[in-house]
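The lines below spell out each chain.
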Amino acid sequence: MANHNQLVGEIINDRYKLESRIGGGSFGDVYIGHNIKTKDKVAVKLENTTNDHDLRLKIEYKVNQDLGDRNEFPVAKYYGHFKHYNVMVMELLGPSLEDLFHMCKRKFSLKTVLQIGKQMLSRIERMHKAGYIHRDIKPDNFAMGVEGADRHVVHVLDFGLAKRVKTVDNYHIKKVTGKKSVIGTARYTSINSHRGIEQSRRDDLESVGYTLVYFARGSLPWQGIRRSNNNAKYHEIFLKKDAITIEQLCEGLPRQFKNYFHHVYNLHFKEKPDYPMLHGLFDSMMAENGFKYDNVYEWEENKAYKNLIKPRLKNPPVTPPPPVNIPITIPEKKVPLKRKTKSQKKRDALAAGRPLKPKPKYICKADRARLGITTKTLPREQLKLYCI
Ligand SMILES: Nc1ncnc2c1ncn2[C@@H]1O[C@H](COP(=O)(O)OP(=O)(O)O)[C@@H](O)[C@H]1O
Ligand SMILES: [Mg+2]
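Residues numbered from 1 in each chain as written. Chains lettered and ligands numbered in written order. Predicted model: local features only at pLDDT ≥ 70, side-chain atom pairs only at ≥ 80, totals over all residues.

(A) Fine view of the sheet that holds strand β6 (residues 85–91). With respect to topology, 6 strands assemble into an open sheet ordered β1-β2-β3-β4-β6-β5, the strand pairing being antiparallel. In this open sheet, the two edge strands, each paired with only one partner strand, are β1 (11–12) and β5 (76–82). As paired elements, strand β2 (residues 16–24) and strand β3 (residues 28–35) share 7 bridges and run antiparallel to each other. In the sheet register, Lys17 faces β3, and the bridge partner there is His34. Contacting β4 (41–48), β5 and β6, helix α1 (residues 57–66) crosses the sheet at an angle of about 25° to β6. (Pairing = 2+ DSSP bridges. Helix = DSSP H or I, 4+ residues; strand = E, 2+ residues; numbered from the N terminus. Contact = placed C-beta atoms within 7 Å. Axes fitted to C-alpha atoms, helices over the stretch in contact; angles between N-to-C directions.)

(B) Looking closely at helix α3 (residues 110–129). Taking 1.5 Å per residue, 20 residues should reach 28 Å; α3 reaches 28 Å between its end C-alpha atoms and fits that length. The first or second residue beyond α3 is Gly131, which carries a positive phi of 95°. (Expected span 1.5 Å × (residues − 1).)

(C) Geometry of α1. When we look at burial in α1, the residues that qualify are Leu57, Glu60, Tyr61, Val63 and Asn64. Down the axis, α1 shows its buried residues gathered within 165° of arc, on one side only. On the buried face of α1, the contacting elements are β4, β5, β6 and β7 (132–133). After α1 finishes, the residue Gly68 shows a positive phi value of roughly 80°. (Buried ≥ 20, exposed ≤ 12 C-beta atoms within 10 Å, placed from the backbone. Arc of directions from axis to C-beta.)

(D) Here's a closer look at the nonpolar core. Core analysis: the biggest nonpolar cluster contains 62 residues, and Val44 and Val89 have the highest contact counts within it. Looking at which element gives the most residues to this core, the answer is helix α5 (residues 201–217), with 8 residues. Taken domain by domain, the makeup of this core includes at least three residues from each of domain 1 (4–91) and domain 2 (97–297). Aside from chain neighbours lying at most four places away, what touches Val44 is Ile12, Tyr16, Leu18, Val30, Tyr31, Gly33, Val87 and Val89. (Core = buried A, V, L, I, M, F, W, Y, C linked by C-beta atoms within 7 Å. Domains from an automatic or database assignment.)

(E) Examining the site of ligand 1 more closely. Around ligand 1, a shell composed of 19 residues is seen, among which Gly23, Val30, Ala43, Leu93 and Asp158 lie nearest. Among the secondary structure elements, those contributing two or more residues to the shell around ligand 1 are β2, β4 and β6. With 3 residues, the single largest contributor to the shell around ligand 1 is β2. (Near = placed C-beta within 6 Å.)

Structural data, given as structure tokens:
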């Protein structure tokens with residue numbers, strides 16, 4: 001698409017208004033949008049039907065629905081058409097793991113890798129239990145939630161290459177012989193996928209492993225290969241992936257990473273992975289390093305993270321207006337006048353040479369009674385005259 005934001009402002013199915021583009025590629029785009037009635041935020045994935053490629057969005061919608069409305073996958077809300085696009089509206093998620101990795105200067109702490117790794121394993125396990133394999137496991141296809149507890153939940157998305165491997169009666173499909181083209185993304189796809197071997201559950205788990213090594217080490221050994229065409233490049237990636245030993249791949253990482261690869265490399269096509277054992281590897285790495293699954297992630301205080309989250313909130317926090325520059329005059333403080341005490345007045349009079357006022361003496365009560373003087377018979381002032 002030439003202009004990536006060309007659909008901003010369009011309303012899909014009289015309900016979903018497109019706000020801004022957040023992802024996509026040559027076959028389509030993903031936008032943030034909102035329901036114009038409820039104001040709920042949504043993600044809208046559009047597939048260009050004029051391009052010469054397999055149309056997958058309808059299949060993706062079907063897989064999304066089959067996985068059910070768990071908070072582990074973005075819930076699909078609508079499927080339809082708009083202009084020359086197929087459209088799927090779904091629950092809006094937060095930034096992808098690739099966005100977050102980039103934000104954290106392309107290195108995650110071991111604790112983050114283990115916390116998200118365990119969640120990725122759970123999500124893939126859930127998909128496998130529902131009879132599907134993903135076939136395109138990579139950091140861009142996982143995203144955190146947006147608000148509340150959900151912002152700590154890793155979600156899997158993009159089921160464009162997903163495939164059923166188990167029938168509804170729980171029978172595993174047969175291995176199709178004959179060479180297939182590489183399915184998925186070359187950097188993360190399994191060695192068997194490079195060889196053109198039909199994928200199954202083991203291939204998803206191998207890709208989870210590569211994704212975690214990428215997060216923990218900052219890159220994969222077969223990154224940065226340049227060739228004149230994609231096929232030559234993919235072949236080179238395959239040769240490197242195939243030649244590297246588990247020890248070399250997991251250099252500098254806890255030994256459990258090696259155990260992980262030993263298990264997934266040795267699985268047969270139909271074999272059920274030992275999910276509890278794999279979960280145990282994460283738990284033991286957490287325990288050995290003194291980590292707790294507390295959902296504290298290194299990106300949460302990052303400004304770029306907050307900027308990515310803000311347009312996805314239904315009610316974004318209102319930022320106070322910037323302070324206006326009005327000169328402030330501070331009123332002079334009024335000092336309350338203090339009454340002078342008697343001793344102060346006396347000191348002042350002595351200093352000024354004024355005569356001191358004689359201290360009036362009053363007749364005591366008993367004498368007043370004897371003389372028959374009361375305050376009633378004499379004004380109070382004149383009582384002073386009866387000094388003794
Ligand atoms: N439901 C969603 N919520 C938030 N972001 C999403 C959602 N779906 C996709 N994205 C973003 O758009 C990108 C592309 O979407 P994806 O479904 O993977 O399309 P593609 O088939 O082009 O890879 C993702 O990497 C992710 O960053
Ligand atoms: Mg994708």
